[in-house]
Each structure stands twice: as structure tokens, then as C-alpha cells.
Amino acid sequence: VAAADMESALNSIQSELAATPLFDEVNTFASAVAGEMKQRAILAIIVSMITISVYIWFRFQNLVFGLAAMVALVHDVLVTVGITALASYLTGTSIGNFLLLEDLRINLATIAAYLTLVGFSLNDTIVIFDRIREVRGKNPAITTTMINTSLNQTLGRTILTTLTVFIVVLIMYVFGGAGIHGFAWCMVIGCIAGTYSSVYIASPLLVWAQKRSIGSVKA
């Protein structure tokens, strides 16, 4: 290649780069910035949970429903965070390689996954709570029979909805690439945790709270 042609090509490339802005994606921060990001992420999750609980409180005209939903949501987020931390320790092992695990870190994608998980789990919980309210009718008490009837009536819908979402996020996890790997992993775990928390945590809490309130009134 002639020197003049090389110089002309370099000048052309430099002019193009100077005229085209480059937006770098930053995933690694200094400790001070990371600490601020962590605080804001925790605050965003807490505020979303409290707001959702207040909404359910007004939606069902009963504080117990809001508290039960909040406990289930906290459970879902903590389980997902815990399993994500465990996955980091398994990275590089035979189990980790089989599960396609990487050194998953808390970043903007995983924070978005936690907030998405809160909404997904809440959707299942509200559907079950709505059926409990319909079965309950004007009865002031919430019994175990009401809970079982409501869960059996909504079980098919819960399984189909969760299975559909699970298949999608599983495909994203396997074939989606490194950019959404952390997000997809959190959603895979969150789908499982969110489903059984709606059935085995949020609903039984209604009966437990009902018995506690009746016991306190009698006392």
C-alpha cells in the first residue's frame, strides 16, 4: 500500500471517529459509585414493595392481604439474590459449567430483573387473592378450606402462565448471550420462587393472620 493512500485512509478514519460520538457501556465502577448504586437499587426495590403493598391494601380493603403479598415478594427477592450469590461460587466447577454459570454480579440488568420479578410474582398473588375474595364472599373469616378451594381453581392458570414465562427466560439464558445472561438467570430462579411463594407463603399467611387477629380479639 502506498504511503499516501495509507495516510489518506487514516485521516478519513480519524475524521469519521471525531464526528461520530462513542458511548461506552460501563459495568465496572469505583467503590464510591458502586456503593451509591447499591443504595439506590435497594431503595428502589423497597419503595416498589411498599407501594405495591399499599395498593393491595386498598384493592382488597384489608391490610392482611398487603402484608402477605409483601412477605412473599421479600422472599422472592432474597431467594433469588441468595441463589445468585451461590452461583458465583459454583462458577468454574463441573456443576457451574453444566448450568452455564458465570461470575454473576449485581448490575443494572440484575436490578431490572429483581424489579421485574416483583411484578411477575405479584401478578400471580393478586389472581389467587381475587379468587379467595370471591370464594370468601361476605364471610368475615378466611378458612383453610377457602384457601384450598381458591388455589385449586387457579392452579391451572398459575402453572400455564409460569411455564410459559419460564420457557422464554430459559431460552434467553441459554442462547441470549452475555448481555442478558444475568437478567435471564435471575428470572429463571425468580419464576420458580415467585410461583411457590404465591401458593405456599402468601395464601397461608392470610389464614395465619386471621387466626392471630381472632386470638387477639378474644384475649
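Residues numbered from 1 in each chain as written. Predicted model: local features only at pLDDT ≥ 70, side-chain atom pairs only at ≥ 80, totals over all residues. Heavy atoms only, no water.

Colleague: Which residues make up the overall build of the chain, and what are the values?
Modeller: Counting secondary structure elements, the chain contains seven helices and zero strands. Reading the chain from its N end, one meets helices and strands in the order α-α-α-α-α-α-α. Across the 219 residues that make up the chain, the buried fraction comes to 34%. Taking the intrachain contacts of the chain between residues at least 6 apart in sequence as the baseline, contacts between residues at least 24 apart amount to 73%. (Helix = DSSP H or I, 4+ residues; strand = E, 2+ residues; numbered from the N terminus. Buried < 20%, exposed > 50% of the residue type's maximum accessible area, 1.4 Å probe, protein only. Contact = heavy atoms within 4.5 Å.)

Colleague: Any chance you could break down the environment of Ile45 for me, citing the residues and the numbers?
Modeller: With respect to the secondary-structure elements, Ile45 resides in helix H2 (residues 31-60). Owing to a relative accessible area of 13%, Ile45 belongs among the buried residues under this scheme. Along the primary structure Ile45 and Ala112 are separated by 67 residues, whereas in three dimensions their C-alpha atoms are 9.7 Å apart. With residues up to four places along the chain from it excluded, the contact list for Ile45 reads Tyr114 and Leu115.

Colleague: Describe in detail the environment of Ser197, supporting the description with residues and values.
Modeller: Assignment of secondary structure puts Ser197 in helix H7 (residues 181-218). For the pair Ser197 and Leu73, spaced 124 residues apart in sequence, the C-alpha separation works out to 8.0 Å. Beyond its immediate stretch of four places on either side in the chain, Ser197 contacts Ala72, His75, Asp76, Ser121 and Ala202. For Ser197, the side chain forms a polar contact with the main-chain oxygen of Gly194, separated by 3.0 Å. (Polar contact = N/O pair within 3.5 Å; in protein donor to acceptor, adjacent residues only side chain to side chain.)

Colleague: Now, about the confidence of the model for the chain: what can you tell me, with residues and values included?
Modeller: Averaged over all residues, the pLDDT of the chain equals 82, while 90% of them reach at least 70. Per-residue pLDDT, averaged within each element of the chain, yields its smallest value for H2 (76) and its largest for helix H6 (residues 144-175) (91). (pLDDT = per-residue confidence, 0-100.)

Colleague: With reference to specific residues and values, describe unusual backbone geometry.
Modeller: Here the phi dihedral of Leu100 falls at roughly 60 degrees; this positive angle occurs in a residue that is not glycine. Residue position: Leu100 is located in the loop between helix H4 (94-98) and helix H5 (108-136).

Colleague: Provide a residue-level description of the nonpolar core, including the pertinent values.
Modeller: A general trend in soluble globular proteins is that nonpolar side chains are found buried together. Ile56, Phe129, Trp185 and Leu206 are the most contacted members of the largest nonpolar core, which has 39 residues in total. The set of elements that each furnish at least two residues to this core consists of H2, helix H3 (63-90), H5, H6 and H7. Looking at this core element by element, the count peaks at 11 residues for H7. When neighbours within four sequence positions are excluded, Ile56 is seen to be in contact with Gln61, Phe65, Gly66, Ala69, Leu122, Ile126 and Phe129. (Core = buried A, V, L, I, M, F, W, Y, C linked by side-chain atoms within 4.5 Å.)

Colleague: Residues and numbers for the environment of Thr158, please.
Modeller: On the secondary structure map, Thr158 appears in helix H6. C-alpha of Thr158 to C-alpha of Thr125: the two residues are 33 residues apart in sequence and 9.6 Å apart in space. Setting aside anything within four residues of it in sequence, one finds Thr158 in contact with Asp124 and Thr195. A polar contact is formed between the side chain of Thr158 and the backbone oxygen of Thr154, at a distance of 2.9 Å.

Colleague: Give a detailed account of the pattern of salt bridges, specifying residues and quantitative values.
Modeller: By the definition in use, this model includes four salt bridges. The shortest N-O distance in the salt bridge between Arg59 and Asp130 comes to 3.1 Å. Taken together, the residues Arg59 in helix H2 and Asp130 in helix H5 connect sequence positions 71 residues apart. Classification of Asp130 as buried rests on a relative accessible area of 16%. Between Glu134 and Arg131 there is a salt bridge whose closest N-O contact spans 3.2 Å. (Salt bridge = Lys/Arg side-chain N within 4 Å of Asp/Glu carboxyl O.)

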